[in-house]
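# Fold and contact review
So you can see what is in the structure, the chains are spelled out below.
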Amino acid sequence: MDAFFVYGFLQRALFAGIFVAVSCALLGVFLILRRDSMIGHGLAHITFAGVALGLFLKIVPLGVALVIAVAAALGIMKLKEKAGLYGDTAIAIFSSMGLAVGIVLATLAQSFNVDLFGYLFGDILAIETSEVWLSIALAAVVVFIVILHYHRFMYMTFDREAAKVSGIKVGRLDVLITVLTAVTVVLGMKVVGILLVSALVVIPAAAGLQLASNFKQAIILSSLIAVISVLFGLFLAYYFDFPASGTIVILSFLIFSFFFILKRFRRIH
Amino acid sequence: MDSSAADSKPLIDVKNISFNYGPVEVLKDVTFTISSGDFLAIIGPNGSGKTTLIKIILGLMKPSHGEARILGKPVEEFEDWSKVGYVPQKATHIDPLFPASIKEVVAMELLASRRFLRMKKREEEVSIEKALKQVNMERFKNWRIGSLSGGQQQRVFIARAIVNQPHILFLDEPTTGVDTETQEHFYDMLDSLNKEEGITIVMITHDIGIVNKHVNQVACLNQKLVYHGSHEEFCQSQAFKDMLAGGHHLVSHRH
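The following refers to the structure shown.

What counts and how
Throughout this description, residue numbers start from 1 for each chain and increase along the sequence as written. Numbering of ligands from 1 and lettering of chains from A proceed in the order in which they are written. In keeping with the model being predicted, local features are shown solely for residues with a pLDDT of at least 70 and side-chain atom pairs are shown and tallied solely at 80 or more, while totals for entire chains, interfaces and linings include all residues. Hydrogens and water are ignored here; the side-chain numbers use all heavy atoms of the structure. A run of H or I in DSSP counts as a helix once it spans at least four residues, and a run of E counts as a strand once it spans at least two, with each numbered from the N terminus. The rule is simple: take the accessible area with a 1.4 Å probe, protein chains only, and divide by the maximum for that residue type; under 20% is buried, over 50% is exposed, in between is partly exposed. Residues are treated as being in contact if the distance between any of their heavy atoms lies within 4.5 Å. Values of accessible area rely on a 1.4 Å probe in the Shrake-Rupley scheme; residue burial ignores everything except the protein chains shown. Stacked, tilted and edge-to-face are the three classes applied to pairs of Phe, Tyr and Trp rings, where Trp contributes its six-membered ring and a pair requires centres within 6.5 Å; stacked means planes under 30 degrees apart, edge-to-face means over 60, and tilted covers the rest. The criterion for a charge sitting over a ring is simple: Lys NZ or Arg CZ within 6 Å of the ring centre, and within 35 degrees of the ring normal. Pairing between strands requires that DSSP locate at least two bridges from one strand to the other. For patch detection, residues must exceed 30% relative accessible area and be free of salt bridges, and they are connected within 9 Å for like charges or within 5 Å for nonpolar side chains (Val, Leu, Ile, Met, Phe, Trp, Tyr). Any Lys or Arg side-chain nitrogen located within 4 Å of an Asp or Glu carboxyl oxygen qualifies as a salt bridge. All residues other than Ala, Val, Leu, Ile, Met, Phe, Trp, Tyr, Cys, Pro, Asp, Glu, Lys and Arg, Gly among them, are scored as polar; the first ten of these are nonpolar and the last four charged.

## Looking at the overall build of chain B
A tally of helices and strands in chain B yields 9 helices and 10 strands. Out of the 255 residues in chain B, the part that is buried amounts to 51%. Relative to all contacts within chain B whose residues are 6 or more apart in sequence, the contacts with residues 24 or more apart total 66%. In the form shown here, chain B has an accessible surface area of approximately 12,000 Å², with 50% of it arising from carbon and sulfur atoms.

## What to know about the packing of aromatic side chains
A full pass over the atoms with the stated rule returns 17 aromatic pairs over all chains. Centre to centre, the rings of A:Phe30 and A:Phe215 are 5.4 Å apart; their planes meet at 50 degrees, and the pair counts as tilted. Residue A:Phe30 is found in helix 2 (residues 8-33), and its partner A:Phe215 is found in helix 12 (residues 215-240); the two are separated by 185 residues along the sequence. Its relative accessible area of 1% is what places A:Phe30 among the buried residues. Ring pairing ties together the aromatic residues A:Phe30, A:Tyr150, A:Phe153, A:Phe158, A:Phe215, B:Phe98 and B:Phe157, which thus form one cluster. The ring centre of A:Phe260 lies 4.0 Å from the NZ or CZ of A:Arg264, which sits over that ring.

## Examining the environment of A:Leu31
Tracing the chain through its elements places A:Leu31 in helix 2. Beyond its immediate stretch of four places on either side in the chain, A:Leu31 contacts A:Asp36, A:Ser37, A:Ile39, A:Ile177, A:Thr181 and A:Val201.

## Comments concerning the pairing of strand 4 (residues 65-70) of chain B
Residues and elements named next belong to chain B. As paired strands, strand 1 (residues 12-21) and strand 4 are joined by 5 bridges and run antiparallel to one another. Looking at the pairing, Ile12 lines up with Ile70 of strand 4. Alignment of strand 4 against strand 5 (residues 73-74), held across 2 bridges, turns out to be antiparallel. In the sheet register, Arg69 faces strand 5, and the bridge partner there is Pro74.

## Things to note about the sheet that holds strand 1 of chain B
Spatially, 4 strands are ordered 2-1-4-5 (chain B) in an open sheet, and the strand pairing comes out antiparallel. Looking along the sheet, the strands with just one partner apiece sit at the ends: strand 2 (24-34) and strand 5 of chain B.

## Here we look at a nonpolar patch on the surface
The grouping of A:Phe56, A:Leu57, A:Ile59, A:Val104 and A:Leu108 at the surface amounts to a nonpolar patch, some 460 Å² of accessible area in total. With respect to the helices and strands, A:Val104 occurs in helix 5 (residues 87-108).

## Structural notes on the interface of chain B and chain A
Taken together, the contact pairs 29 residues of chain B with 27 residues of chain A. Linking chain B with chain A are 3 salt bridges. Residue B:Arg160 pairs with A:Asp159 through a salt bridge whose shortest N-O separation is 2.8 Å. Those elements giving two or more residues to the side of chain B that touches chain A turn out to be strand 6 (84-87), helix 3 (102-111) and helix 5 (150-162) of chain B. Per element, the largest residue contribution to the side of chain B that touches chain A is 6 residues, and it comes from helix 3 of chain B. Class assignment for the residues of the side of chain B that touches chain A results in 18 nonpolar, 3 polar and 8 charged.

## Section: the environment of B:Ala41
Residues and elements named next belong to chain B. By the element assignment, Ala41 lies in strand 3 (residues 39-43). On the basis of relative accessibility, which here comes to 0%, the residue Ala41 falls in the buried class. Taking the C-alpha atoms as reference, Ala41 lies 5.8 Å from Ile204; in sequence the two are 163 residues apart.

## A short note on the pattern of salt bridges
For the structure shown, the criterion picks out 15 salt bridges over all chains. The residue A:Glu131 makes a salt bridge to A:Lys190 at a minimum N-O spacing of 3.1 Å. With A:Glu131 in helix 7 (residues 129-148) and A:Lys190 in helix 10 (residues 170-192), the pair connects residues that are 59 residues apart, well separated along the chain. On the basis of relative accessible area, A:Glu131 is assigned to the buried category, the value being 13%. Its relative accessible area of 3% is what places A:Lys190 among the buried residues. Between B:Glu129 and B:Lys141 there is a salt bridge whose closest N-O contact spans 2.6 Å. Here B:Glu129, found in helix 4 (residues 121-134), pairs with B:Lys141, found in the loop between helix 4 and helix 5; they are 12 residues apart in sequence, far enough to count as distant. Overall, the relative accessible area of 31% leaves B:Glu129 in the partly exposed class.

Right under this line is the structure:
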C-alpha cells in the first residue's frame, strides 16, 4: 500500500477515480430506472469521434470530446422525442456514426498511437494533474446537481405524469440528466477508457439496485460499490501489473454477480 | 358576460374543450365548472374521453380547441401545483421493482418544489406521517412500494397527492382492481377528505353505484358532456335512464 502514499501518479489516479466513480454510479441508478442504460455505451462511442477530432485539430481531446458528447446526447434525445425513433435505434445510429467518424479522423491525423489507445482503453495511471482537477471539478458539479434535484429526478423517474402535475419541469430536467450523462461518460473515459465507460455507469448501479430496499440505499450502495471497484481495481492493477480499466470493470462485475446471487438466494429461502 | 362566473370563482373552469386524436373526435365542446367543496364523479363508457379531459385540465395534454383554467389561471400559466393533487390511473405506470419506500414516494411530492435548502427534517416527517395516517398506511412507511397490494398502493398514491394539503384532488379510476369491501373503506376515506379537510374531489369512475352514496355532483361524458349537475337530479335525468336502459356496462363495471 506504501506506493499509494509515495507516488503522485497513484494518488492522482485514486483521487480522480473516486470522484468519477461516484458521479457514474449516481447517474447510473437514474439511467437504469429510466430504461436508458445503453445511453452511456452510445455516448462513449461518439466520444471517440470527439477525441479523434481533438487529436486531428491538435486541441485538447478531452474538451472536444465533452462538446461532441453533449451535442450528441441532446441530438439523441430530440430524435427520440420528436422524430419518433425508438430510443435504442437513435443510440445505435449515433454511436456507429461516432465510431465511423472517429476511425476516419484518427487515420487522417495519423494518430493511431499510444495517445488514442489511452483514450480507448483508459489511462488513469497516466492521468495529468490538470486532468485530475478538471475531472474532480466536473464530477463535483455532477454530484452537486444530482443532490440538488434528487427528489425531482426520483419523482419523474418513478411516475412521470404525477411528477408533471406536481409542477416539475420534466422536459428541462430530461435535458439536464442527458447533459450530465454526457459529461460523466467523458470523465469515465479517462478512468476506464471509451470501450468500458458504460460499464462504470451501469454495473455498480445495477449491483446497488439488487439489494436496495429504498432509493437512498440504492444511491449509497451504488456509489460505494463504484468507489470500491475503482480503489481495489487500481490497487490490484498496480501490484499485479494488470490493466487498470479491465481490472476495475471485472471487479465491479464480480460484486454485481455476488449481489445478484445473494438476492436470488435470499428470495428462495 | 363573464362577470357572474368570475364572482363565484370556480376552482376549475373548462371552456369549450374539444380534442381530436387524428380523425377521431374524443371530446366535443365540453364546458363546465367545478366549485370549491364539490365531490364530482366523472362517469361515462370506455373511450368517452374521461381521462383525456382530466389530462387536459391538468395540462398533461393540449386540447384541439378551448381552454382549461385552474384557480382562474389558464393551465399553461398555472404554477401553484402544490394546490393540486393527482392520482393517475393505476398499475400501468408503476415499475413494481422501483426501489422506493412508501415514505420516499410521499416525500417526492412534498419536496418536488423545494429548493436546495429543504424544510426542516422534522417538519417533513410530520407532514409525511400525517398524510400516511389519513389513508391509514402509516404502519407501512418503510415498505417498498412494489411489495404492497394494489389497494394499498392506491392509498399511498393518495397520501402522496394530499401531502401538500391541496385544494383539489383528481383521481382516475382509483378503485380499479380493488375488492368491494376495500372499496367501501376507500370511499369513506375520500368522504372524510372532502367533508373534514374540505378538499374538492374530482374522480373518474366506472362504478355508478358509489355515485349515489358519496358524491354530490355528477358529470356524464360521452364525447360530449351529456349531463352535469347534482347527483339527485342525475338520478331523475334522461342521461341516467338512457344509461340504465342501455344496460350499459358502466352501471356495474369490474375489471
